[in-house]
Amino acid sequence: CLMTSFGRASHAAATENQEAKLSPSRFPSVQLTALDQSKKVSLPLSNKASFLAIGFHPDKQPQLEKAMALAQSHFKASKQAVSIIEVPVIEASRFPNNAVTRFFMKQQVKNKVFLDLVYPYYTNLRAFQGRLGLSESETMLLLLVDRSGYVVWSKKSSPTESDIKSWNVLLG
């Protein structure tokens with residue numbers, strides 16, 4: 001019984017350590033192409049802070065757009081140069097990067113002002129969630145990434161007023 005308890009404790013510690021490794025302090029390097037195919041970007045951006053609205057399910061589009069609007073308003077008012085990027089993460093094995101997929105993604109964006117800010121990421125969805133320290137059931141993630149590529153703020157739901165006030169301090 002002691003051995004079983006020790007085994008469970010070791011497994012729990014190993015799982016905890018594995019989860020700690022998955023929680024990024026630096027955003028993983030990814031290459032993205034704009035929804036309209038006109039621009040490419042590498043994340044994290046070099047020498048520029050960014051607000052990333054990452055969606056893992058199309059149902060989260062309204063919340064992502066709301067968060068992007070709040071961020072855009074805040075950073076414009078505070079005169080901070082922060083890129084705002086929406087990253088819908090698409091399961092590459094189910095939905096290819098083609099005109100049909102991009103057409104349907106454009107239809108999901110309700111506020112057309114944000115179309116230029118959408119950079120889909122076609123990848124293994126579950127593996128990318130794991131790299132970000134998320135479970136399979138989590139469907140959105142908001143990140144504030146500093147000029148060095150480090151995540152300084154993250155949230156799995158819409159930002160609160162106190163979150164927004166903290167952004168200037170976090171970016172220095």
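What counts, and at which threshold
Residues numbered from 1 in each chain as written. Predicted model: local features only at pLDDT ≥ 70, side-chain atom pairs only at ≥ 80, totals over all residues. Heavy atoms only, no water. pLDDT = per-residue confidence, 0-100. Contact = heavy atoms within 4.5 Å. Pairing = 2+ DSSP bridges. Helix = DSSP H or I, 4+ residues; strand = E, 2+ residues; numbered from the N terminus. Axes fitted to C-alpha atoms, helices over the stretch in contact; angles between N-to-C directions. Patch = residues over 30% accessible without salt bridge, like charges linked within 9 Å, V, L, I, M, F, W, Y side chains within 5 Å. Areas by Shrake-Rupley, 256 points an atom, 1.4 Å probe, with all protein chains shown as cover. Salt bridge = Lys/Arg side-chain N within 4 Å of Asp/Glu carboxyl O. Buried < 20%, exposed > 50% of the residue type's maximum accessible area, 1.4 Å probe, protein only. Core = buried A, V, L, I, M, F, W, Y, C linked by side-chain atoms within 4.5 Å.

Enquirer: Give me the confidence of the model for the protein chain: which residues, what numbers.
Expert: The predicted coordinates of low-pLDDT regions are not to be read in fine detail. Summing up the model confidence of the protein chain, the mean pLDDT is 84 and the portion of residues at 70 or higher is 86%. Here residues 1–24 is modelled with pLDDT under 50, and outside its nearest four sequence neighbours on either side it reaches nine contacts, counting other chains as well.

Enquirer: So what's going on with the sheet that holds strand β7 (residues 151–155)? Which residues, and what values?
Expert: Read across the open sheet, the five strands follow the order β5-β4-β3-β6-β7; overall the sheet is mixed. Edge strands, defined here as strands with exactly one partner in the open sheet, are β5 (121–123) and β7. Strand-to-strand, the axes of this sheet are offset by a mean angle of 20 degrees, without reference to chain direction. Pairing analysis gives three bridges linking strand β4 (residues 82–91) to β5, with the strands arranged parallel. Looking across to β5, one finds that V89 is bridged to Y121.

Enquirer: Help me get a handle on a nonpolar patch on the surface, residues and values and all.
Expert: Nonpolar side chains collect at one region of the surface, where V100, F103 and F104 lie side by side and expose about 320 Å² of accessible area between them. Here V100 lies in helix α3 (residues 99–108).

Enquirer: Describe unusual backbone geometry, with residues and values.
Expert: The phi torsion of most residues other than glycine is negative, and most of the peptide bonds are trans. With omega at -5 degrees, the peptide bond leading from L43 into P44 counts as cis. Within the fold, P44 resides in the loop between β2 (40–43) and β3 (49–55). Phi at Q37 takes a positive value of approximately 70 degrees, unusual for a residue other than glycine. As for its position among the elements, Q37 is in the loop between β1 (30–33) and β2.

Enquirer: Explain the pattern of salt bridges to me, using residue names and the numbers behind them.
Expert: What the rule picks out here adds up to three salt bridges. Notably, a salt bridge pairs E138 with K156, separated by 2.7 Å at the nearest N-O pair. In this pair, E138 is assigned in the loop between α4 (125–131) and β6 (140–145) and K156 in the loop between β7 and α5 (161–171), connecting sequence segments 18 residues apart. Look at E138 and you get buried, because its relative accessible area is 18%. With a relative accessible area of 45%, K156 lands in the partly exposed category. One salt bridge in this structure joins D163 and K155, with 2.7 Å as the shortest N-O distance.

Enquirer: Can you lay out the environment of W153 for me, pointing to particular residues and giving the numbers?
Expert: Structurally, the position occupied by W153 is in strand β7. With 102 residues separating them in the primary sequence, W153 and F51 have C-alpha atoms 9.4 Å apart. Not counting chain neighbours up to four residues away, the residues in contact with W153 comprise F51, L142, L143, L144, P159, D163, S166, W167 and L170.

Enquirer: I'd love a proper account of the nonpolar core, names of residues and values included.
Expert: With 25 residues, the main nonpolar core has F51, F75, V82, L142, L144 and W167 as its most contacted residues. Taken together, the elements giving at least two residues each to this core come down to β3, α2 (61–77), β4, β6 and α5. For this core, the element with the most residues is α2, which contributes five residues. Those residues in contact with F75 that sit more than four places away from it in its chain are F51, Q80, V82, L144, W167 and L171. Counting 22 residues, the second-largest nonpolar core is a separate cluster that includes L32, L43, Y119 and L141.

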